[in-house]
Amino acid sequence: RAGRTLALVHARAGDATFLLGRSSGEWQSWAAEQGIQPLLESNPEADAARRIVFAVPDPDLEDAAMETASRLDGGEGRAVVHASGIHGLAPLAPFSTLRAATGALHPLLPFAETPDPGGLAGGLATLLATAPDREAILECASAWGVEVLTLENEGDRAAYHLALSLAANHVTATVGWAEDLLSPSLGPRAREAVLGLARAALSEVEKSGAGVALTGPVARGDEDTLALHLAALDSSQRRRYAGTLENVIALAEASGRLESEQA
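Figured I'd write up the structure that's included with this text. (Residues numbered from 1 in each chain as written. Predicted model: local features only at pLDDT ≥ 70, side-chain atom pairs only at ≥ 80, totals over all residues. Heavy atoms only, no water.)

**A closer look at the overall build of the protein chain**
Check the secondary structure of the protein chain and you find 12 helices and 7 strands. The C-alpha extent of the protein chain, read off along each of the three principal axes, is 70 × 40 × 35 Å. Taken over 263 residues, the protein chain has a buried fraction of 32%. In the protein chain, of all internal contacts separated by at least 6 residues, the share reaching a separation of at least 24 is 55%. When the accessible surface of the protein chain is summed, it comes to about 15300 Å², and 53% of that surface belongs to carbon and sulfur atoms. Positive and negative charge centroids in the protein chain, built from 20 and 35 side chains respectively, lie 4 Å apart. (Helix = DSSP H or I, 4+ residues; strand = E, 2+ residues; numbered from the N terminus. Buried < 20%, exposed > 50% of the residue type's maximum accessible area, 1.4 Å probe, protein only. Contact = heavy atoms within 4.5 Å. Areas by Shrake-Rupley, 256 points an atom, 1.4 Å probe, with all protein chains shown as cover. Lys, Arg positive; Asp, Glu negative; His and termini not counted. Charge placed at Lys NZ, Arg CZ, Asp CG, Glu CD.)

Next up, the structure:
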């Protein structure tokens, strides 16, 4: 998803854009339809590219970078970035050896199934790069239309990525489960109802912070209602709900809504 979207962004910015996938498939015909050249074999124009962007599954990044760097004669004048949240600069070390500018440029948004190049504009992205390389990487960020938050050091990349996963993936999963549970009551309007609640809750978080915004039975200390929730679920779902409760209880306690003993 990220690769297709970023390829479209660069193609629509007027860059000669090549898309490389390590497996054959329908992405090749999709790229051709979008005016993006599928890179199926060595191409001198592609090998001379000023920018190389890796948008691959996290476990594949190091191998993909090493394989690509081995094909290049040199790196001076190039900007090489990856869009991974979990990785720092280490996977791009082969390009640093070639004297290319390298950076981790991570958009803070979930990529849609249908590529939307306009969806990046105005969004946030974090930049991790050494000071000498930042200017070259910022040129790439400018093509994406994102506002850049520069990270001064790598820090705890796993905690950084976990935070973003909680804000996007875990919220998506929770909303999806809520829709499933509400569908027997509200049918096709369940999604509308759930999203209305979620938007209102997030709006209150934006205004007041999560501790103040929290409502519901945990914040009220209503153990009887929680017991009814648990009784309404089968054993598998009960474990799922208990896991989500841990997070809500921790917030309620940290914000002073629950005494420690009651939490």
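Let's pick the thread back up.
**Some details on the sheet that holds strand β4 (residues 79-82)**
Here we have 5 strands laid out as an open sheet, ordered β3-β4-β5-β6-β7, and mixed in their pairing. The sheet is open, and its two edges are formed by β3 (51-54) and β7 (147-150), each paired on a single side. Neighbour-to-neighbour, the strand axes of this sheet turn through a mean angle of 30°, independent of strand direction. Bridge count for β4 against strand β5 (residues 101-107) is 4 bridges, and the pairing is parallel. Among the inter-strand pairings, Val80 is bridged to a residue of β5, identified as Thr102. The strands touched by helix α7 (residues 157-186) within the sheet are β5 and β6 (124-128), with β5 carrying the most contacts at an inclination of about 30°. (Pairing = 2+ DSSP bridges. Axes fitted to C-alpha atoms, helices over the stretch in contact; angles between N-to-C directions.)

**Re a nonpolar patch on the surface**
Residues Leu108, Leu124 and Leu149 make up a contiguous nonpolar surface patch of about 200 Å² in total accessible area. For Leu108, the position within the fold is in the loop between β5 and β6. Judged by its relative accessible area of 30%, Leu108 is partly exposed. (Patch = residues over 30% accessible without salt bridge, like charges linked within 9 Å, V, L, I, M, F, W, Y side chains within 5 Å. Salt bridge = Lys/Arg side-chain N within 4 Å of Asp/Glu carboxyl O.)

**Overview of helix α6 (residues 134-144)**
Buried within α6 we find Arg134, Ile137, Cys140, Ala141 and Trp144. All buried residues of α6 project into a common sector of 120° when viewed along the axis, lining one side. In α6, the exposed positions that point more than 90 degrees away from the buried face belong to Glu135 and Ser142. Packed against the buried residues of α6 are α1 (2-12), β3, β4, β5, β6 and β7. Positioned one or two residues after α6, Gly145 has a phi angle of 80°, which is positive. (Arc of directions from axis to C-beta.)

**Side note on the packing of α1 against α6**
Taken N-terminus to C-terminus, the directions of α1 and α6 make an angle of 90°; their axes are 9 Å apart at the nearest point. By the criterion of interaxial angle, the relationship of α1 to α6 is roughly perpendicular. Where α1 approaches α6, its residues Leu6, Val9 and His10 are matched on the opposing element by Cys140, Ala143 and Trp144. In terms of residue class, the contact of α1 with α6 is built from 5 nonpolar, 1 polar and no charged. (Parallel < 35°, antiparallel > 145°, perpendicular 65-115°, else oblique. Nonpolar A, V, L, I, M, F, W, Y, C, P; charged D, E, K, R; others polar.)

**Here we look at the nonpolar core**
Counting 18 residues, the largest nonpolar core has Val81, Leu105, Leu120, Ile137, Trp144 and Val146 as the members making the most contacts within it. Going through the elements one at a time, α1, β4, β5, β6 and α6 are the ones with two or more residues in this core. Looking at which element gives the most residues to this core, the answer is α6, with 4 residues. Those residues in contact with Val81 that sit more than four places away from it in its chain are Ile52, Val53, Phe54, Leu92, Gly103, Leu105, Ile137, Cys140 and Trp144. In terms of nonpolar packing, the next biggest core, distinct from the first, is built from 11 residues, Ile52, Leu61, Leu92 and Ala100 among them. (Core = buried A, V, L, I, M, F, W, Y, C linked by side-chain atoms within 4.5 Å.)

**Here we look at the pairing of β3**
Every second residue of β3 is oriented toward a common face, the buried set being Ile52 and Phe54 and the non-buried set Arg51 and Val53. Both β3 and β4 contribute to a ladder of 4 bridges, which runs parallel. Bridging from a neighbouring strand, Ile52 pairs with Val80 of β4. Handedness of the crossover joining β3 and β4 through helix α4 (residues 61-69): right-handed. (Right-handed = clockwise from strand over helix to strand, strands pointing away.)

**Remarks on the packing of aromatic side chains**
This structure, assessed with the given rule, holds 1 aromatic pair. Ring geometry for Phe54 and Phe95: centres 5.8 Å apart, planes at 55°, overall tilted. Here Phe95 lies in helix α5 (residues 93-97) and Phe54 lies in strand β3, a separation of 41 residues in the sequence. For the pair shown, Phe54 and Phe95 are each scored as buried. If you follow Arg240 out to its NZ or CZ, it ends over the ring of Trp177, 4.0 Å from the centre. (Phe/Tyr/Trp six-rings, centres within 6.5 Å; stacked < 30°, edge-to-face > 60°. Lys NZ or Arg CZ within 6 Å of the ring centre and 35° of its normal.)

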